[in-house]
Every structure is written in structure tokens, then in C-alpha cells.
Amino acid sequence: MQEFLAILIGAVLGIFSGLVPGVHSNTITSILVQLSIDPSFLGFIIIATLAGHTVFEFLPAIFLGIPDENTVVSVLPGQRMLLQGRSAEAIRTCAFSLLLSTLLSLMLFPLSLVLFPLLFSFVEPLMLPFLLAASLFLLLTEKEVQKIAFASLIFLLSGTFGFFVLNSPVKDPLFPAFTGLFAMSSLIASVRTKQELPEQKDRPFNFDFLKFVAAGVVLGMLADLFPGISAPAQIAVFASAFLVFGEPRHYLALVSSIAASHAIFGFSSLIAINKARMGALVALRDVVEISLPTALPYIAAFALVVGLASLALLFFSRRAKELVKVNFTHFNLVLIFYILGLVLIICGPAGIIILAASTAIGSLPLFLGVRRTHVMGLIIVPSIIAAAGKVF
Amino acid sequence: MEIDERKTAFLAIFLAVLSLFLLILFISSSKPASVSIAAAQQMPENSPVSITGRVEGISIKSMEYVSLRVCDNTGCITANFHRDVYNPFLLSMGQYVTVIGNVRAYMNAKTLSASQVIA
């Protein structure tokens, strides 16, 4: 059956985009839709790419762009586990949480179809106050006055930048913007420092993160009601209001669960309220007509690839000892030039300007010691402006 | 409970098998039954249908839309589709094709709005 071939192609593309920093599944999707491919075949490729990417994006988040913990305050939790010799545990936590949250999301999917229209009718008129309150909450989680000031500066700077980027004539402008904010800034920071990685040990660990998986599923579902609240790390910040992360594994469980749940309930928002909250679902809606019966095979394909890709991820966790022996400084340097080339090809010289500016903004949280999620002002501020435009 | 590699692999295999079963179930139920062209013409508008026949005419209506005349031993029907669905230049007269789509009624004649063409 041609669907399985499409799923296989998509899974491979998704694993590739997940492994290589700077290549988002949306980038691959935007290239694929330009090609003359049978729509239903293309639909399965798009969804399998999203699923493969969702699973494998955690690997470079743990192994690549490792900053020096002494000089950079905001080391990601997965990287902190790597620096403690617990990378295999970090990978397995992500895989287990992704699998469990996918199963839970599938079980809650029918309920979400009933709940979404009700919740959206309640939330839609409150979109502007909600986005303002969510932004304020994000900034206030920094707690110290100086850090709140730094975070506000980064948030507003990213937002102003986002407003101009989204209104620029550059093709696919979010690609260089996000690549600079997250991938490029981390890569440059890691090349500037020489970090010795300890020996990695593989130990079983306690399943003490069920509540983080459950919270991830609920938060991922709710995030599909709002525009601009889409990055799992960004959603996880809201969870810090009611969840205490005892250790980095809990945070990884939450973020992985949000990623899987956000994708599955993205179908609910598309079917129930006709809102596509993810790039892959926007592309899917453009190529095939989406209703409940037509969406079900794509949801099953997503779950299938999550299952198979998680098995592949486990293979990598076994190889964690060998992975840390790779000279990541050279690898990161090659990646920097590769990203520059990719941006130049896809977006042209203007894309390089966006990349440079977003890299500078993305480096600010690393050096000012605040959370990097504040750069999501890039999407949130334009969403606030759009929501304000509807109100006033 | 301790999480080791075996338990994680078991969960992954369980999810993969479950979703594979669901995928096969959803795909087979979402594909319309294959019928003859005469039977397709008797079906009400918007009915999902799959027909197989030989190409008896190809007309490129505009830069974007294609009209395909398909016949079997029970009759002929016109299938209309966007060029993104299938490249019309890859089709030839007399070639056997399967067209999946929905029945449309236009000017007292039944046509197909094709979502998939398999040559």
C-alpha cells in the first residue's frame, strides 16, 4: 500500500530534520508541497515527517550546542543530565513520555472534539487578555527584578523583530528567525567553549514522572486553542506555576508529553474549530480535505511513527557512550556553515540578515541568565497585535 | 516501578502495533468501494466512489484543471481534477486508470470530482 511507503519516507525525513539543528519539519514540508506529489500520499509524508521530527528533536537538544555551565546560566535540563553522565536516562525519559502521552492523547481525542468548540467559544473573546496575562506570567516567573527587566527587554525586542519579520517580503521568514533564536545562538555559544563531557552511565530509574506526563497532555491540548503558544518549552514555563520540578527528568517528561499531545490535539482544533496551530497541519489542510473520517488515518500514522521512531531513539540511548566521544566542536562548526548555506538558498541574502539579528537576540538569554522562552515574543507580540486589532 | 530499556521498547512496540491496526482499519474504511461506471452514475451526488476504466479522452480545461473521459464495458464518465492530483501529460489514450472521488451532478449528467488518479 502506497500509504506505508509515504509513512516510511516521511519518518526518514522527520528523523533527519529532528537530528539536524536548524532543519525544522516545517521546512521540509514547505519544500514537499512545492513538488507535484499525489495529495493523499503527500499528506502521509507530512504527518510522518512531523512525528519523526517530534521524537528525534530531543537528541540534538541533549547532545548538541552544549554551553559551559559555569559561564552560561540557562543550560537546558537535557544538557544538564548529559553533563552529569545521564544522557541515556534523558533520552529514555523522552521516549517513554512521548509514548505514554501519545497513548493518553489518543484516548482523550474523542473527548477533545466535544470540548474544543465549547472551550474555544469561551476563550476566543478573551484571547487578548489571555495573551497579555500569559506574557506577563512568563516574565514574572524570573522572580528577581533585574531578571524580569532583562526578560522584558528580550521579549519586547523579539516581538518587535517578529512583527517586522512576519511583514517582510522574505520567503519563509520564520525559518531563519527561529533557527537564529534557538539553533544558531546555541551552536555559537558551544563552539566558543570547550566542554569536557563525563562518562555516560546507563541506569534504570524510577517512574516518578506520571503527573508530568499527565500535565503535559492537558497543557498540549489547551495550547491548541491559542495562537502563538506552541513551543513545548514555552508551554512548560506555564506549568512551573503549579508543578515543582524535582529534577531535570521531570522537565523532560513534561516537554516531551506536550510535544506529542500538541500534535495530536492539533487535529482536534483543525476538525472541531477549523484552526491549524502547527505548520504541518496548515500544509495538510492545504493538500487534503480534513474532516473526522479523513483525519483518522493521519492520526494513526502519527502514532505509528512515534512508536517506531521511539524504538530508534532507544538505539541511540544505547550508543550514548559513543556519542559523547564525537568532537561536537567541529561538528557544530560544520553545522553553522551548513545553516548559513541553507538560509541563503531558501530565503536569499535577506534571510542571512534575519538570521544574524535573531542569533544576536537568541544569544541574549544565554548571557543575561534568563529563560530562553522569552524570545517567543517573536510570535506572541504579533499575535497580541492581531488580537488587539480585532478588539479595537 | 523502574523504567528500563525493555519496558520502554515494549511500550513503543505496543503503540506501533495498535496504531498500525488502526491505520489499516481507517484506510480500508475510508476508501470507497470499487464500482462499475454504470453503478457510479446511479449513485447520489457526493457519494464517494472508485471506478476503473480505460482513458478515452483527455482535455486540459485550463492551466489548472483536467477533464478525463473514462470508460468500462458498462459506460463512460467524465472525471474532473486539479493538475496537482495527477499530471495529465503522464496519461495516454487507452491506458487503464483507477479514479477515486465523489459523484457530482451537472446538467443532468453525472461526473466525478477526482481526489486521486492511479494509473
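Criteria and cut-off values
Residues numbered from 1 in each chain as written. Chains lettered and ligands numbered in written order. Predicted model: local features only at pLDDT ≥ 70, side-chain atom pairs only at ≥ 80, totals over all residues. Helix = DSSP H or I, 4+ residues; strand = E, 2+ residues; numbered from the N terminus. Buried ≥ 20, exposed ≤ 12 C-beta atoms within 10 Å, placed from the backbone. Core = buried A, V, L, I, M, F, W, Y, C linked by C-beta atoms within 7 Å. Contact = placed C-beta atoms within 7 Å. Nonpolar A, V, L, I, M, F, W, Y, C, P; charged D, E, K, R; others polar. Pairing = 2+ DSSP bridges. Expected span 1.5 Å × (residues − 1). Axes fitted to C-alpha atoms, helices over the stretch in contact; angles between N-to-C directions. Parallel < 35°, antiparallel > 145°, perpendicular 65-115°, else oblique. Left-handed = near helix turned anticlockwise from the far one by under 90°. Domains from an automatic or database assignment.

## Quick word on unusual backbone geometry
Then, number 1: Of note, the phi angle at A:Asn274 is positive, near 55 degrees, even though the residue is not glycine.
Then, number 2: Mapped onto the fold, A:Asn274 is located in the loop between α12 (248-272) and α13 (279-287).
Then, number 3: Residues other than glycine seldom take positive phi values, yet B:Asn46 does so here, at roughly 80 degrees.
Then, number 4: Mapped onto the secondary structure, B:Asn46 falls in the loop between α2 (37-42) and β2 (48-60).
Then, number 5: Judged by C-beta crowding, with 11 C-beta atoms within 10 Å, B:Asn46 ranks as exposed.

## Regarding the nonpolar core
Grouped burial of nonpolar side chains is what soluble globular proteins tend to show.
Then, number 1: In terms of nonpolar packing, the biggest core is built from 90 residues, with A:Ile47, A:Ala301, A:Phe302, A:Val305 and A:Val306 touching the most fellow members.
Then, number 2: Judged by nonpolar contacts, the second largest core, of 39 residues, contains A:Val170, A:Leu181, A:Leu355 and A:Ala387.

## Some words on the interface of chain B and chain A
Then, number 1: Taken together, the 22 residues of chain B in the interface contact 30 residues of chain A.
Then, number 2: For the side of chain B that touches chain A, the elements supplying multiple residues, two or more each, are β1 (2-3) and α1 (5-30) of chain B.
Then, number 3: It is α1(B) that provides the largest number of residues to the side of chain B that touches chain A, a total of 14 residues.
Then, number 4: When the residues that make up the side of chain B that touches chain A are grouped by side-chain class, the tally is 13 nonpolar, 5 polar and 4 charged.
Then, number 5: One ladder, built from 2 bridges, connects strand β1 (residues 205-206) of chain A with β1(B); its direction is antiparallel. What sits directly across from A:Asn206, in β1(B), is B:Glu2.

## Topic: helix α17 (residues 349-368) of chain A
What sets the pattern is the α-helix's 3.6 residues per turn: residues three or four places apart point alike.
Residue and element names in this part refer to chain A.
Then, number 1: The terminal C-alpha atoms of α17 lie 29 Å apart, and with 20 residues this matches the ideal 28 Å at 1.5 Å per residue to within 8%.
Then, number 2: Every buried residue belonging to α17 is among Gly351, Ile354, Leu355, Ser358, Thr359, Ile361, Gly362, Ser363, Leu364 and Pro365, and all of these are buried.
Then, number 3: Within two residues after α17, Gly369 carries a phi angle of roughly 75 degrees, on the positive side.

## With respect to the sheet that holds strand β4 (residues 75-82) of chain B
Residues and elements named next belong to chain B.
Then, number 1: Overall, mixed pairing links the 5 strands, which are arranged β2-β3-β4-β6-β5 in a closed barrel. Averaged over all adjacent pairs, the angle separating strand axes in this sheet is 55 degrees, with direction ignored.
Then, number 2: Of the strand pairs in this sheet, β2 and strand β3 (residues 65-72) are connected by 6 bridges, and their pairing is antiparallel. Residue pairing for β3: Ser59 is matched across the bridge by Ser67.

## A few points about the packing of helix α8 (residues 145-166) of chain A against α17(A)
Residue and element names in this part refer to chain A.
Then, number 1: The geometry of α8 relative to α17 is characterised by a closest axis approach of 10 Å and an angle of 165 degrees between their N-to-C directions. By the angle between their directions, the pair α8 and α17 is classed as roughly antiparallel. As for how α8 packs across α17, the hand of that crossing is left-handed. Of α17, the residues touching α8 (which contributes Phe150, Ile154, Leu157, Ser158, Phe161 and Val165) are Ile354, Ala357, Ser358, Ile361, Leu364, Pro365 and Leu368.
Then, number 2: Split into classes, the residues belonging to the contact of α8 with α17 amount to 11 nonpolar, 2 polar and no charged.

## Details of the packing of helix α6 (residues 87-123) of chain A against α1(B)
Then, number 1: Axis separation between α6(A) and α1(B) bottoms out at 10 Å; the angle between their running directions is 35 degrees. Between α6(A) and α1(B) lies a crossing of left-handed hand. Facing α6(A), whose interface residues are A:Arg92, A:Ala95, A:Phe96, A:Leu99, A:Leu100, A:Thr102 and A:Leu103, α1(B) presents B:Glu5, B:Thr8, B:Leu11, B:Ala12 and B:Leu15.
Then, number 2: Tallied by class, the residues present in the contact of α6(A) with α1(B) amount to 8 nonpolar, 2 polar and 2 charged.

## Here we look at the pairing of strand β6 (residues 109-118) of chain B
Residue and element names in this part refer to chain B.
Then, number 1: The sheet contact formed by β4 and β6 spans 3 bridges and is parallel. Residue pairing in the sheet places Ala79 in a bridge with Leu112 of β6.
Then, number 2: With 9 bridges joining them, strand β5 (residues 96-106) and β6 adopt antiparallel strand pairing. Bridge pairing links Asn102 to Ser113 in β6.
Then, number 3: Linking β5 back to β6 in an antiparallel pair, the connection comprises 2 residues, with Met107 at a positive phi of about 50 degrees.

## Section: the domain arrangement of chain B
Then, number 1: Taken domain by domain, chain B holds domain 1 (1-30) and domain 2 (37-118).
Then, number 2: With centres defined by C-alpha atoms, the gap from domain 1 of chain B to domain 2 of chain B works out at 38 Å.

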